[in-house]
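Single-letter residue listing:
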Number of protein chains: 2
Amino acid sequence: MLEKNLLKHIGKLAQKKYRRDFGHFIVEGEKGVMEALRHGQVAAVIISAILQDDEHYAELTRAAKQRGAEVHFASNLDINKIKTTETFSGVMALCEMPENDFDDIDQQSHILYLENISDPGNLGTLIRTADWFGVRNIVLSRNCVDPYNDKVVRSTMGSIFRLKLIQSSDDAHTLELLKKDGYVLSILDMNGDDISTISPQKRHILALGSESHGISPDLEKMADQRYTIPGQGSAESLNVAMAGGIALYQLMKNA
Amino acid sequence: MLEKNLLKHIGKLAQKKYRRDFGHFIVEGEKGVMEALRHGQVAAVIISAILQDDEHYAELTRAAKQRGAEVHFASNLDINKIKTTETFSGVMALCEMPENDFDDIDQQSHILYLENISDPGNLGTLIRTADWFGVRNIVLSRNCVDPYNDKVVRSTMGSIFRLKLIQSSDDAHTLELLKKDGYVLSILDMNGDDISTISPQKRHILALGSESHGISPDLEKMADQRYTIPGQGSAESLNVAMAGGIALYQLMKNA
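A quick note: this is a predicted structure, and the numbers were derived from the prediction, not measured. (Residues numbered from 1 in each chain as written. Chains lettered and ligands numbered in written order. Predicted model: local features only at pLDDT ≥ 70, side-chain atom pairs only at ≥ 80, totals over all residues. Heavy atoms only, no water.)

Participant: How should I be thinking about helix H4 (residues 55-66) of chain A in this particular structure?
Facilitator: Each full turn of the α-helix corresponds to 3.6 residues, which orients residues three or four apart in the same direction. All names here are of chain A. The first and last C-alpha atoms of H4 sit 17 Å apart over 12 residues, in line with the 16 Å expected at 1.5 Å per residue. Next to the buried residues of H4 lie helix H3 (30-39), strand E2 (41-48), strand E3 (70-74) and strand E4 (91-96). With a side-chain oxygen positioned 2.9 Å from the backbone nitrogen of His56, the residue opening H4 is Asp54. In the stretch just after H4, Gly68 is the one whose phi turns positive, near 75 degrees. (Helix = DSSP H or I, 4+ residues; strand = E, 2+ residues; numbered from the N terminus. Expected span 1.5 Å × (residues − 1). Contact = heavy atoms within 4.5 Å. Polar contact = N/O pair within 3.5 Å; in protein donor to acceptor, adjacent residues only side chain to side chain.)

Structure below.
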């Protein structure tokens, strides 16, 4: 049985405000939990009690203890109260939110800047894709969906623990600071140069706008370069995660 | 008020078997309905009764009548019984499933072959992306998620009405026929040549495997070429829709 307090705490982490107040979030599934143990800060690992004697999970338990995380076994009744997916895979972790600020930016790598991305799946896919292409910094505008939302965490497939995520509180100021610091700002929209001509700078920001409104006028004004992914069919647009992924692919290929 | 029979019919179209038996499916939202009217076969358009006098919807009503589709106005009570999204935008259409077979393949265009894609969002995004890059044929293996599932239809953003979708009943036989017909089969997996070296043939099939199992051994055996999207970070893989979109981008760019 899980302690009532822990159960209540985990349940409340479904709310963004509560996650912010406590600096905790949840990751579900073996892959995510292993990545959290490797690259994140884990307060506790919760394993389904029916798996207590499973050798497979014994390994995970050892890894958790090595990293100083508490290990709890939970009854099905408890799991049903706290799981974030219909098909709970048997394990979840209570993680500490990293408090990154601009000093934490990995200066050896580019930045993916995301403005007002609202769909959790899109944000998660973009984080996963940036990780694939070796772009190690994600800066989120003030009004992006919370990256510690369970759907976002799930769709990053563990990448959320490996990249530097920085949440901006004043978007224009953030971009000004980065530009002063030598970053070149490229935006992706419908009227730019062919993305295949992008020439990666030493410090490069690739910026994407929201699903419904695209790049904001304020962001557009600050841009040094504009790029477009040329289409040949009849679709009106690409999905924003897809557009971002293709641009990241091309940016890293041209390096 | 909607007739009870129509209401019942639409409600049942949430089930795949019923969709198959009747050859009908639903698209929700103005953009999707307009694309259905332009490129698909629409049996009926259902508009929220509160929008009956909205000039905006009058246009849609005219378009529907021109295309020979019935127009119905539905009360909120009825809408609540049949809507497929929480936030119903005011309009849906009852569409007829096209019965494409191999003779319908657009021979001027390549083929995207999808094996056992199970996530509706991934399938929808792939259809939308193929449409963007001008790949006009999608062949689905027997065990793909149903493309007329409401989530798939929604995430294609209207592209489902513009492309040729062909559902295979015998995957190996389908691919054999296409190869005999002169198609070159390229698969995307983790151990192929760099995708940037892909050289589009006159008749080209790009094949993607399932989210959890990748390309099947049977499909691998039939492949003429294998390609990979090189990564530089630590992510284990790309999302399948992302990988497919990047490969389509590169395929069309090299043409």
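Participant: Would you explain the relation of the copies chain A and chain B in this entry?
Facilitator: The pair of chain copies shares a relation made of a rotation about an axis and a shift along it. Expressed as a screw operation, the relation of chain A to chain B combines 0.0 Å of axial shift with a rotation of 180 degrees, fitting to an RMSD of 0.0 Å. Each copy turns onto its partner about a two-fold axis. (Least-squares fit on C-alpha atoms with pLDDT ≥ 70 in both.)

Participant: What is the right way to read the interface of chain A and chain B from this model?
Facilitator: Interface size is often expressed as the accessible area that is lost when the parts come together. Every contact between the two is made by 32 residues of chain A and, on the other side, 32 residues of chain B. The contact between chain A and chain B buries some 2,900 Å² in all, and 60% of this surface belongs to carbon and sulfur atoms. Looking at the side of chain A facing chain B, the largest losses of area belong to A:Trp132, A:Met242 and A:Tyr249, adding up to 26% of the total buried there. Counting the contacts that link chain A with chain B gives 2 salt bridges. (Buried area = accessible area lost by both parts, 1.4 Å probe. Salt bridge = Lys/Arg side-chain N within 4 Å of Asp/Glu carboxyl O.)

Participant: Sorry if this is basic, but what is going on with the domain arrangement of chain A here?
Facilitator: All names here are of chain A. In terms of domain boundaries, chain A breaks down into domain 1 (4-96) and domain 2 (102-253). Taking only C-alpha atoms into account, the centre of domain 1 sits 30 Å from that of domain 2. Both faces combined, the contact of domain 1 with domain 2 buries some 1,200 Å², and carbon together with sulfur accounts for 61% of it. Considering only the side of domain 1, the residues that lose the most area to domain 2 are Arg19, Arg20 and Phe25, jointly responsible for 37% of the buried surface there. At the junction of domain 1 and domain 2, the tally comes to 3 salt bridges. Put simply, Glu35 and Arg162 hold a salt bridge, and the shortest N to O gap is 2.3 Å. Linking domain 1 with domain 2 are 6 residue pairs in polar contact (both at pLDDT 80 or more), by the criterion used here. (Domains from an automatic or database assignment.)

Participant: Help me understand the sheet that holds strand E1 (residues 24-28) of chain A in this model?
Facilitator: What holds strands together in a sheet is hydrogen bonding between their backbones, with the strands either parallel or antiparallel. All names here are of chain A. The strand order E1-E4-E2-E3 describes an open sheet built from 4 strands, whose pairing is mixed. The open sheet has two edge strands with one neighbour each: E1 and E3. Sheet twist, expressed as the mean angle between neighbouring strand axes with direction ignored, is 25 degrees. Taken together, the 5 bridges between E1 and E4 define a ladder with antiparallel strand orientation. Across the sheet, the residue bridging to Glu28 is Met92, located in E4. Docked against the sheet, helix H1 (residues 4-12) engages E1, E2, E3 and E4, running at close to 80 degrees with respect to E4. (Pairing = 2+ DSSP bridges. Axes fitted to C-alpha atoms, helices over the stretch in contact; angles between N-to-C directions.)

Participant: What is the right way to read the pairing of strand E7 (residues 164-167) of chain A from this model?
Facilitator: Along any regular strand the residues' side chains alternate between the sheet's two faces. Residues and elements named next belong to chain A. Both strand E6 (residues 137-140) and E7 contribute to a ladder of 4 bridges, which runs parallel. When the bridges of E7 are listed, Val139 appears paired with Ile166. Following the backbone out of E6, through helix H7 (residues 150-155) and into the adjacent parallel E7, one traces a crossover that is right-handed. (Right-handed = clockwise from strand over helix to strand, strands pointing away.)

Participant: It is not clear to me how the sheet that holds strand E2 (residues 41-48) of chain B should be interpreted in this structure. Could you clarify?
Facilitator: Residue and element names in this part refer to chain B. Across the sheet, which stays open at both edges, the 4 strands sit in the order E1-E4-E2-E3 with mixed pairing between neighbours. Across the chains shown, the open sheet's two edge strands, defined by having one partner strand only, are strand E1 (24-28) and strand E3 (70-74). Strand-to-strand, the axes of this sheet are offset by a mean angle of 25 degrees, without reference to chain direction. Strands in contact with helix H4 (residues 55-66) are E2, E3 and strand E4 (91-96); relative to E2, the strand with the most contacts, it is inclined by about 155 degrees.

Participant: In this structure, what is going on with the side chain of A:Asn122? I would like to understand it.
Facilitator: Residues and elements named next belong to chain A. Among the secondary structure elements, Asn122 is positioned in helix H6 (residues 120-132). In this structure the side chain of Asn122 is engaged in a polar contact, spanning 3.0 Å, whose partner is the side chain of Glu211. If we ignore the near neighbours within four places in the chain, the residues touching Asn122 are Ile117, Glu211, Asn239, Val240 and Ala241.

Participant: Mind showing me how you'd approach the packing of aromatic side chains here?
Facilitator: For any pair of aromatic rings, the description consists of the separation of the ring centres together with the inter-plane angle of the planes. As enumerated under the stated definition, the model contains 9 aromatic pairs over all chains in all. Arranged with centres 5.9 Å apart and planes meeting at 20 degrees, the rings of A:Phe25 and A:Phe161 form a pair that is stacked. A residue pair is termed long-range when its members are at least 10 positions apart, and A:Phe25 in strand E1 and A:Phe161 in the loop between H7 and E7 qualify at 136 residues. Both rings, one in A:Tyr249 and one in B:Tyr249, keep their centres 6.3 Å apart while their planes meet at 90 degrees; by these two values the pair is edge-to-face. Taken together, the residues span two chains, with A:Tyr249 in helix H10 (residues 240-253) and B:Tyr249 in helix H10 (residues 240-253). (Phe/Tyr/Trp six-rings, centres within 6.5 Å; stacked < 30°, edge-to-face > 60°.)

Participant: Quick question: what am I supposed to make of the side chain of B:Ser141 here?
Facilitator: Mapping B:Ser141 onto the fold places it in the loop between strand E6 (137-140) and helix H7 (150-155). Non-local contacts of B:Ser141, meaning those with residues more than four positions away in its chain, are made with B:Tyr113, B:Leu114, B:Glu115, B:Asn116, B:Ser168 and B:Asp171.

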